[in-house]
Amino acid sequence: FWDIELILTLIGGQVQPTIVITHRISNVIGFSSGDMLNIMNYVLFILSSTSCILSVLSCVKSIRIFLRTKRRYQYYQSAARPGDHFPSWSCIPFRVKPQFFSLWSAFNAIGCLLLMLSCLAGELEQWGKATSPWYLTLYGLGCILTSVN
């Protein structure tokens, strides 16, 4: 809970306002809305971390396929015929080579990492740290990057 005090001090005919905000942790019996926010943060953290791990594994798999194909292509170029379109790896156009990699997986991994950081900032906010701007910024960037297709 948050305690907010508004102090109006009269100094020489003018009012000097002061706002004091303190975080108070109270023992609440039962289920509160703060508990619901914590549960939602934990669920979002688990889902984001799972998606991030799967996206990183997909990126690693793409790199392995790319390197394996490049290695195998070097063996095949010795058997290339004059009529082949791409007799060597260097003859393959540069615009074809990035198609081995998934840009979606990279965006998803970065977005999920930002969502995990926003979950941590949300938990710090619940414990009284002033992380609200970071929480909202990281949450927004993470949602944008994970929704890019």
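Throughout, a residue's number is its position along its own chain's written sequence, starting from 1. Totals for whole chains, interfaces and linings use all residues, but because this is a predicted model, local features are given only for residues with pLDDT of at least 70 and pairs of side-chain atoms are given and counted only at 80 or more. For the side-chain quantities, the full set of heavy atoms in the structure was used; hydrogens and water were omitted.

*Asks:* Could you clarify how one ought to interpret the packing of aromatic side chains in this entry?
*Replies:* Any aromatic ring pair is given by two values, namely how distant the centres are and how the planes are angled relative to each other. Note on aromatic pairs: the rings of Phe, Tyr and Trp (six-membered ring only in Trp) are paired at centre separations within 6.5 Å, and the planes decide the class, stacked below 30 degrees, edge-to-face beyond 60, tilted for the rest. By the definition in use, this model includes two aromatic pairs. Residues F66 and F100 carry aromatic rings whose centres are separated by 5.3 Å and whose planes lie at 75° to one another, so their mutual orientation is edge-to-face. Pair noted here: F66 is in helix α1 (residues 33–76) and F100 is in the loop between α1 and α2 (103–126), with a separation of 34 residues, a long-range link. Residue F66 is classed as buried on the basis of its relative accessible area of 15%. Residue classification places F100 among the partly exposed residues on the basis of a relative accessible area of 27%. Their ring planes at 45° and their centres at 5.2 Å tell us that F66 and F101 sit as a pair that is tilted. Taken together, the positions of F66 in helix α1 and F101 in the loop between α1 and α2 put the pair 35 residues apart, joining distant regions of the chain. What counts as a helix is a DSSP run of H or I of at least four residues, what counts as a strand is a run of E of at least two, and both are numbered from the N terminus. Each residue gets one of three labels from its accessible area relative to the maximum for its type: buried under 20%, exposed over 50%, partly exposed in between, using a 1.4 Å probe on protein chains only.

*Asks:* I tried to follow the side chain of E123 on my own but got confused; where do I start?
*Replies:* Within the secondary structure layout, E123 lies in helix α2. E123 sits in the buried class, given a relative accessible area of 11%. Once you skip the residues sitting within four places of it in the chain, E123 turns out to touch N38, N41 and Y42. Note on contacts: a residue pair is in contact if any heavy atoms of the two residues lie within 4.5 Å.

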